[in-house]
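Structure assessment
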Amino acid sequence: MEITWHGHSSVRLLSRDVSLLTDPNPDNEGDLEADIVAVSCDYPSHSAHKLVGGQPRVLEGPGQYEVSGYNITAIGTALNDDEESRRINTVYVIRSEGVSVCHLGSLNATLTSRQLESLGSVDVLVAPASGEGTLDAKAISRIVSVLSPGIVIPVHYAAGKGDEGFATAQALLTEMNVEPPETQIRLNVTQNNVPRETRVALLRDLSGA
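Residues numbered from 1 in each chain as written. Predicted model: local features only at pLDDT ≥ 70, side-chain atom pairs only at ≥ 80, totals over all residues. Heavy atoms only, no water.

Here we take up the pattern of salt bridges. The full count for this structure, using the stated rule, is three salt bridges. R87 is the salt-bridge partner of D42, the closest N and O atoms lying 2.6 Å from each other. Of this pair, D42 sits in the loop between β4 (36-38) and β5 (57-59) while R87 sits in the loop between β7 (70-78) and β8 (88-96), placing them 45 residues apart in sequence. Here D42 falls in the partly exposed class, since its relative accessible area comes to 48%. Put simply, E175 and K138 hold a salt bridge, and the shortest N to O gap is 3.6 Å. Of the two residues, E175 sits in helix α3 (residues 170-175) while K138 sits in helix α2 (residues 137-147), which places them 37 residues apart along the sequence. The exposure class assigned to K138 is partly exposed, which follows from its relative accessible area of 41%. (Salt bridge = Lys/Arg side-chain N within 4 Å of Asp/Glu carboxyl O. Helix = DSSP H or I, 4+ residues; strand = E, 2+ residues; numbered from the N terminus. Buried < 20%, exposed > 50% of the residue type's maximum accessible area, 1.4 Å probe, protein only.)

Next up, the structure:
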């Protein structure tokens, strides 16, 4: 499975020549095609699926999905906009080729023990790192400790372009007690190369590239 980052919370998974894009944002316009799009919430920066080419199937909420070789579990979490809000964030666990990728979306509510258990085994965790509108670095680090993924991919942070006013990923790296790794264009993950000890992979923001 090949993983690339396309700005904000948008990552693209490519497995068996079938592409799945999470949380498309306006910077993706004219940039990407996908077979499947998984939307975590209705914020414009997470739900611009109409800009994605290829006539993808769009997933927009909790459920169990089997699409083109991907087995997907999606659970809903509260979005703490205000006390009256019924908006939700959807956390996706996407499985293909023996690899499980958990995308936390715009998570800003602590996951319960039952929710964490329902995610199952996670090889790759895609996690918001800026703390802007999402859980802060300390809370994300706790989720990392519980899930013990082989790889953590920070997203939703300032990486030199876009997301003006957002923090960098440094706070999360500090909480995890890791040094910033070298940035890479893509990450190739198989069930045989997932590290036993959690490490961080920083991906280059390819939005608009």
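Okay, the sheet that holds β5 next. In a beta sheet, neighbouring strands pair by backbone hydrogen bonds and run either parallel or antiparallel. In space, the six strands of this open sheet follow the order β5-β4-β3-β2-β1-β12, with mixed pairing throughout. Sheet topology places β5 and β12 (187-188) at the edges, where each strand pairs with a single neighbour. As paired elements, strand β1 (residues 2-5) and strand β2 (residues 11-15) share four bridges and run antiparallel to each other. Across the sheet, residue E2 finds its bridge partner in β2, namely L14. (Pairing = 2+ DSSP bridges.)

Our next topic: the packing of aromatic side chains. Applying the stated criterion across every chain yields a total of one aromatic pair. With centroids separated by 5.1 Å and ring planes inclined at 20°, the aromatic side chains of W5 and Y157 adopt a geometry described as stacked. Separated by 152 residues along the polypeptide, W5 in strand β1 and Y157 in the loop between β11 (151-155) and α3 bring together distant segments of the chain. Given the relative accessible area of 7%, Y157 is considered buried. (Phe/Tyr/Trp six-rings, centres within 6.5 Å; stacked < 30°, edge-to-face > 60°.)

Here we come to unusual backbone geometry. If you check the backbone angles, H8 has positive phi at about 50° while not being a glycine. For H8, the location among the structural elements is in the loop between β1 and β2. Of note in the backbone geometry, D23 takes a positive phi value of approximately 40° without being a glycine. By secondary structure assignment, the location of D23 is in the loop between β3 (18-22) and β4.

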